[in-house]
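# Structural description and commentary
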Amino acid sequence: MAIRFILGRSGTGKTSFCIKEIVDALSVSSDNQQLILLVPEQATYQAERAILSDKRIAGYSRLGVLSFDRLQFMLSGRNAARPTISRIGRQMIIHRILRDRKGDLKAFGASAEHIGLGRQMAETITELHQYAKTPEDVKQLVSKLDKDRSLAALKFADIALVLDEYLKFVEGKFIDPDVQLNRVVGAVGTAEFVRGAKLWVDGFASFTAGELAILAELLKAAADVRIALCLDPLKIDLANPRAEEFDITSLFYPTERTYACLVEIIRKSKLKLDKPVILDRAVRFSDCEQLGHIERNLFEPQPKKMPAGDNIRIMSAADARAEVRFVAGEIVRLVRGGNCRYRDIAVIASDIESYQHYIRAYFEDYNLPFFIDSRRPLNQHPAVQLICSALQAATGGFSHSDIFAYLKTDLVPVGRPDVDVLENYCLAFGVVGNDWQSGEKWNFQDKKEQRFDENRINQIRLEVGKPLLILRDRLAGAVTAREFTNIIFDFIEKLGVSGEIGGWIEDALERGDYAAAEEHQQFYGRLVDVFDELAEVFGGQQLSCQDYIAILTSAFSQMTLAFIPPKLDQVLVGSIERSRHPDLKAVFLLGATQKQFPVPVGFRGVLTDDDRLTAESADFALAGSTAQDLAERQYLAYIAFTRPSKFLYVTYPLADDKGRPMMRSQFIDNLDSLFENPAEESITDGQIDVEKITTENELANLLCGQLGKDISIIHQDAGGQFDELLDAVCRDEELA
């Protein structure tokens, strides 16, 4: 049994080293030894692809490419009878506990019924699980702190109470993956697929306490272990690393700290530690010396300078829209020029949520195959809008906006033309909520006027209003969660929502839009799960309808779906943390602003930095403070800048969507300092060269701009050329 580290900076081939060893091991047909590759969740698919891309491997049965979540599932049993609690379900439980124990809370009692506190407290509970903390651990911390004068002590006392109540609530009812991760540690050594296996660990910069506990047991049970870490082997003492002596501002501080922690675990467990494999040649940048120069010198205090090349470009754009339009056109140029395939290109956005609607629009316009590697929110799904607007209408007085938000979901038994006629009638005569709830016929139109067919209006009004009136009556007063769930599902079933969604799925499959079909299929399952968890968590407890609406609104805002890439040859779009592809030739970094790049700095849970420092002073380890997060940003910037092997594009907007000025990231200044003649380019909306037209929309925009009345007068000579081009387009059967 031996453990060996594989150490090297970015681009030195650590992942390739692991993949090659795995493929070699799989190629030995006489060997029955189990193989395990442990990687982050988002890297499992790419790792499997890399292994299967080797011609020697047609398939495998004794290798498991696992994340910690999947490993926990395999260790805890594949046929667990209890359901797994979701992140949304966890927040519901925390919200109920806060409401029920409001009088016992010392710091959070005044805001216990706020949905936002439930969400933040759930994040803190998750963090405690990740760091293997129990209610007793938190209570011991409280006993060490000054109870009378310390706000931190009051917060931790409340957190201990909530954590204790949460664990009691889920016991025997649900499986919490974070809790289960800590409980399966003892099962590692007895698992048949682990004992005597060969283990590779790759792609991690750090581990939580729970993950470290499992990894420690894996190291003991496995026969042979390889652990790859991205760091500079020349900058630390590999034989005797001391985490307390590391500089927090060091580029590789996150991975150096992880290395020291793992070495300590290995020595405490009395395991054999072999001499590490040192990879010191940046093979990724062998064809681009400028990118190699960036990797070696990006954060050096006095870096050497070298001439800049065309393969590294820094671009400023008026806004995010202009950024994405430029990127789409440049991808087309790279692929048509034979420099890359689509799968060799990645678009990395620091704030993917702000960019993905532009990316979808422009990439589809340019006919680019792409996959956005992020969970897709479902709060705008028509069925979610139907439920929310119907509840608001039924309990909020039938306001015009709620009524027509409900009707325009296309999930009601009335066509859109009838909805439009009804809306025009309501606007023309000022129909209000009381009119909708009145049993009298609508006769607001002057008898001399014939603008509307009031018989038809009343027929439509009764057809769309009856389900809402029934919903209003059934929700009058407080109801239990189970009753509320039954009421909602009776409502949507009478409207035929499930059948309508089924029709959408069939239509999407017929037109080859598998992503849309998958979205609708997953959505209905997630919707059922949310209501199942609501009924299970709150059970027979009676709440007002407004409480249920607040809980559902919070739940729907967090409902997301995960997808796998539907194609092999497509552009990967994602965040820095999820861009784990080792074989990229070109990378576009979008949104490189001071505020957002490499990642936005957020705040976790209900604990402030002072609270975390107080806990740390009492030897109670939690996630790092905001200052530590800021210090680790340069490591993420380093990872982002060193992803490609040939082309690097860094773009940023000069203004946000509201027109407010944006400052470029300080890391772009670091990039500029490495070259003798850095030149920042500007992405403008000027005229596109005819020879560079790539899409029909670009061609249409060019012709409209050049053949407009004012411009044609000014550019009469050019106008003849574009007249001929327009005639040619009209003669073309596909373009006309």
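Everything below is about the structure shown above.
Residue numbers restart at each chain and count upward from 1, following the sequence in its written direction. Where totals are concerned, whole chains, interfaces and linings use all residues; where local detail is concerned, this predicted model gives features only for residues with pLDDT of at least 70, and gives and counts side-chain atom pairs only at 80 or more. To obtain the side-chain values, all non-hydrogen atoms of the structure were included, while hydrogens and water were left out.

## Things to note about the pairing of strand 5 (residues 224-230)
- Exposure is judged per residue with a 1.4 Å probe applied to protein chains only, and the accessible area is read against the type maximum: over 50% gives exposed, under 20% gives buried, and values in between give partly exposed. Secondary structure counts use DSSP, requiring at least four H or I residues in a row for a helix and at least two E residues in a row for a strand, with both numbered from the N terminus. Buried residues dominate strand 5, accounting for seven of its seven residues.
- Side-chain alternation along strand 5 places Asp224, Arg226, Ala228 and Cys230 on one buried face and Val225, Ile227 and Leu229 on a second face that is also buried.
- Only when DSSP finds a minimum of two bridges between them are two strands counted as paired. Sheet topology note: the strand 1 (residues 2-8)/strand 5 ladder contains seven bridges and is parallel. Residue Phe5 lies in a different strand from strand 5, and its bridge partner there is Ile227.
- As paired elements, strand 4 (residues 198-201) and strand 5 share four bridges and run parallel to each other.

## As for the pattern of salt bridges
- Note on definitions: salt bridges are taken to be side-chain nitrogens of Lys or Arg within 4 Å of carboxyl oxygens of Asp or Glu. Counted by the stated rule, this structure contains 41 salt bridges.
- Here Glu21 ties to Arg226 by a salt bridge, and the two come within 3.5 Å at their closest N and O atoms. One end of the pair, Glu21, is in helix 1 (residues 14-27); the other, Arg226, is in strand 5, with 205 residues separating them in the sequence. Both residues of the pair, Glu21 and Arg226, count as buried.
- Taken together, the salt bridges that share partners define one network made up of Arg9, Asp232, Lys235, Glu295 and Glu300.

## A look at the side chain of Arg62
- Its place among the elements puts Arg62 in the loop between helix 2 (44-52) and strand 3 (63-66).
- Taking relative accessible area as the criterion, Arg62 reaches 11% and is therefore assigned buried.
- Separated by 3.2 Å, the side chain of Arg62 and the backbone oxygen of Val28 make a polar contact.
- In the analysis that follows, any N or O atom pair within 3.5 Å is treated as a polar contact, provided that within protein one partner can donate a hydrogen and the other can accept it, and provided that, for residues neighboring in sequence, both atoms belong to side chains. One polar contact links the side chain of Arg62 to the main-chain carbonyl oxygen of Gln33, over a distance of 2.7 Å.
- Note on contacts: a residue pair is in contact if any heavy atoms of the two residues lie within 4.5 Å. Sequence-distant contacts of Arg62, defined by excluding residues within four places in its chain, comprise Ala25, Leu26, Val28, Asp31, Asn32, Gln33, Gln34 and Leu35.

## Some points on the state of the cysteines
- Any two cysteine sulfur atoms lying within 2.5 Å of each other are counted as a disulfide. Scanning the model with the defined rule gives zero disulfides in all.
- Here Cys288 stays free of any disulfide, with the sulfur of Cys340 as its closest cysteine sulfur at 12 Å.

## Some details on the sheet that holds strand 2 (residues 35-38)
- Taken in spatial order, the six strands make up an open sheet running 3-2-4-5-1-6, and their pairing is parallel. Because the sheet does not close on itself, it has two edges, and the strands there are strand 3 and strand 6 (277-279). On average, each strand axis in the sheet is inclined to that of its neighbour by 15°, with strand direction left out of account.
- An axis is simply a line fitted to the C-alpha atoms; with a helix, the fit covers only the stretch in contact. Between two such axes, the angle follows the N-to-C directions and lies from 0 to 180 degrees. Those strands touched by helix 3 (residues 68-76) are strand 2 and strand 3, and its axis lies near 125° from that of strand 3.

## Let's talk about the packing of aromatic side chains
- The rule is short: rings of Phe, Tyr and Trp, with Trp giving its six-membered ring, pair when the centres are within 6.5 Å, and they are stacked under 30 degrees, edge-to-face over 60, tilted in between. For the structure shown, the criterion picks out 26 aromatic pairs.
- Between Tyr425 and Phe429, the aromatic rings sit 4.9 Å apart at their centres with planes inclined by 55°, giving tilted as the arrangement. With Tyr425 and Phe429 both in helix 16 (residues 416-429) and four residues apart, the pair spans about one turn of that helix.
- For the ring pair Phe429 and Phe452, a centre distance of 6.0 Å and an interplane angle of 70° mean the geometry is edge-to-face. Here Phe429 is found in helix 16, whereas its partner Phe452 is found in the loop between helix 17 (433-437) and helix 18 (454-474), with 23 residues between them in sequence.
- Residue classification places Phe429 among the partly exposed positions, given a relative accessible area of 24%.
- Note on Phe452: relative accessible area 12%, which makes it buried.

Honestly, that's just the spatial picture; any functional story needs more than this.
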